[in-house]
Amino acid sequence: MKKLIIALSIIGFTCSSHAAKQQSVNYSVNKSLLSQQFSVTETKNPQVWKYFKDLFPSTVINTIYTTPYKNTYAILAGQNIFYGVLGSPFIMVGHLFNPYTQQDETAEIDQIRTQNQKVDISKIDLSDALVTKAPNNPLGKKIIIFEDPDCPYCRVLAKQMQENKVDGKVDIYRILLPLPMHANAKQHITNVYCTKNNNSIAVLNKYMLDSEDKQHVELKDGCDITKMLERIGKTTRDLGISGVPTIILGNGKMAQGVDINSILDYAESSTTIAQPKLESMVK
């Protein structure tokens, strides 16, 4: 979403300053509004659709949902969920949390998205994946994780996977991509893929599990990951992935964020579906 504008404030609140005169404003919590349980309803209102399509002309919008909040809508675009207000050019990206009801108000939309969308994993280019094979995996279960070694949420997920011994239950395919917000991510990914000792997983784990951001890594001469990152970039664009960690389970379901429960539910279930032989796609 090239024209996406991330508002660093909660919808409905703005900040302003006046050099000549300051005014004190009393804010009060509308508990009748906060106590409402969030429930999404798809809207077909042509005016609402026109407004957000005009606001994001290059973005494919799949569904627009109403919310309990006046003129505020939840928008599903590919794998992205964001919130917009009619008449405002600003949007909010991420999870909307109600502290009064302790409800993650994005969870219902996230669940709908996960249930309705499946990925054909046979079409994912895994030639650059780092692979860890489970020693006891009779059903041949596999997960694909897109991650950035400098992403704090990716590190949390990696530690949760270690604590739950996921690498002993499923084969793990890890694909690394550097987010622009992490200045050292590209160099760290280079260290992982270009390590002279061919110990890529060990180098990655030091970043992810031990937070050793300044580890010394000897690199292979002439190793360049530029083409690899281009391939990974195409894969993520084709899948509509814009954030990490993103998890694709072997049954085609996609989960985003630190969702260890989805991984464990899949890994520990006693049934599986026919899956392509990903091994043949990995160098």
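Residues numbered from 1 in each chain as written. Predicted model: local features only at pLDDT ≥ 70, side-chain atom pairs only at ≥ 80, totals over all residues. Heavy atoms only, no water.

### Some thoughts on a nonpolar patch on the surface
Phase 1: On the surface, Tyr153, Val156 and Val258 cluster together into a nonpolar patch covering about 270 Å² of accessible area.
Phase 2: Given a relative accessible area of 37%, Val156 falls into the partly exposed group. (Patch = residues over 30% accessible without salt bridge, like charges linked within 9 Å, V, L, I, M, F, W, Y side chains within 5 Å. Areas by Shrake-Rupley, 256 points an atom, 1.4 Å probe, with all protein chains shown as cover. Salt bridge = Lys/Arg side-chain N within 4 Å of Asp/Glu carboxyl O. Buried < 20%, exposed > 50% of the residue type's maximum accessible area, 1.4 Å probe, protein only.)

### A word on empty space enclosed by the protein
Phase 1: For the coordinates displayed, the defined rule picks out 1 cavity of 30 Å³ or more.
Phase 2: Each pocket or cavity is described by its volume, and for the largest cavity that value is around 40 Å³.
Phase 3: Considering every element that reaches the lining of the largest cavity, the biggest residue donor is helix α7 (residues 226–239), with 3 residues.
Phase 4: When the residues that make up the lining of the largest cavity are grouped by side-chain class, the tally is 4 nonpolar, 2 polar and 3 charged. (1 Å grid on protein atoms, 1.4 Å probe; cavity = no way out; pocket = protein on both sides within 12 Å on 5 of 7 lines; lining within 4 Å. Points joined across faces, edges and corners; volume = space filled by probe spheres on them. Helix = DSSP H or I, 4+ residues; strand = E, 2+ residues; numbered from the N terminus. Nonpolar A, V, L, I, M, F, W, Y, C, P; charged D, E, K, R; others polar.)

### So, the packing of aromatic side chains
Phase 1: In this structure the tally under the stated criterion is 3 aromatic pairs.
Phase 2: Each ring, one from Tyr51 and one from Phe52, has its centre 5.2 Å from the other, and the planes form 85 degrees; the classification is edge-to-face.
Phase 3: Look at Phe52 and you get buried, because its relative accessible area is 0%.
Phase 4: Residues Phe52 and Tyr73 carry aromatic rings whose centres are separated by 6.1 Å and whose planes lie at 65 degrees to one another, so their mutual orientation is edge-to-face. Of this pair, Phe52 sits in helix α2 (residues 46–55) while Tyr73 sits in strand β3 (residues 72–77), placing them 21 residues apart in sequence. An identical accessibility class is assigned to Phe52 and Tyr73; each is buried.
Phase 5: Taken together, the ring pairs connect Tyr51, Phe52 and Tyr73 into an aromatic cluster.
Phase 6: Against the face of Tyr266 rests Lys141, its NZ or CZ located 5.0 Å from the ring centre. (Phe/Tyr/Trp six-rings, centres within 6.5 Å; stacked < 30°, edge-to-face > 60°. Lys NZ or Arg CZ within 6 Å of the ring centre and 35° of its normal.)

### Regarding the pattern of salt bridges
Phase 1: Scanning the entire structure with this criterion turns up 10 salt bridges.
Phase 2: Between Asp128 and Arg231 there is a salt bridge; the shortest N-O distance is 2.7 Å. Residue Asp128 is located in the loop between α3 (107–116) and β8 (130–132), and its partner Arg231 is located in helix α7; the two are separated by 103 residues in the primary sequence.
Phase 3: Assessed through its relative accessible area of 10%, Asp128 is described here as buried.
Phase 4: Several salt bridges converge on common partners, so that one network encompasses Asp150, Arg155 and Asp213.

### Looking at the state of the cysteines
Phase 1: In the structure shown here, the tally under the stated rule is 1 disulfide.
Phase 2: Sulfur of Cys151: no disulfide; nearest cysteine sulfur belongs to Cys154 and is 3.1 Å away.
Phase 3: You can call Cys151 buried: its relative accessible area is 3%.
Phase 4: Residue classification places Cys154 among the buried positions, given a relative accessible area of 1%. (Disulfide = S-S within 2.5 Å.)

### Some details on helix α4 (residues 152–163)
Phase 1: Here α4 spans 17 Å end to end across 12 residues, near enough to the 16 Å set by a 1.5 Å rise per residue.
Phase 2: The secondary structure elements touched by the buried residues of α4 are β9 (142–147), β10 (171–176), α6 (200–208), β11 (246–249) and α8 (260–268).
Phase 3: A positive phi of about 55 degrees marks Lys165, the residue just after α4. (Expected span 1.5 Å × (residues − 1). Contact = heavy atoms within 4.5 Å.)

### So, the pairing of strand β4 (residues 80–85)
Phase 1: Counting buried residues along β4, 6 of its 6 residues qualify, which places the element largely inside the surrounding structure.
Phase 2: Residue alternation in β4 divides its side chains into two sets, Asn80, Phe82 and Gly84 and Ile81, Tyr83 and Val85, and both sets are buried.
Phase 3: Of the pairings in the sheet, the one linking β4 to strand β5 (residues 91–93) comprises 3 bridges and is antiparallel in character. Counted as the bridge partner of Gly84 is Ile91 from β5.
Phase 4: Linkage of β4 to β5, two consecutive antiparallel strands, is achieved through a turn of 5 residues, within which Gly87 is found at a positive phi near 90 degrees. (Pairing = 2+ DSSP bridges.)

### Some details on the sheet that holds β9
Note on sheets: strands pair through backbone hydrogen bonds, and any given pair is parallel or antiparallel.
Phase 1: Ordered in space as β8-β10-β9-β11-β12, the 5 strands form an open sheet in which the pairing is mixed. The outermost strands of the open sheet, each flanked by one partner alone, are β8 and β12 (254–256). Strand-to-strand twist across the sheet, computed as the mean angle between neighbouring axes with direction ignored, equals 20 degrees.
Phase 2: Strand direction decides the pairing type here: β11 and β12, joined by 3 bridges, are antiparallel. (Axes fitted to C-alpha atoms, helices over the stretch in contact; angles between N-to-C directions.)

### Overview of the sheet that holds strand β2 (residues 63–66)
Phase 1: If you trace the 5 strands from one edge of the open sheet to the other, you get β1-β2-β3-β4-β5, paired in antiparallel fashion. Two strands lie at the open edges of the sheet, namely β1 (41–42) and β5, each paired on one side alone.
Phase 2: Pairing geometry for β1 and β2, over 2 bridges, is antiparallel. Bridge assignment links Glu42 to a residue of β2, and that residue is Tyr65.

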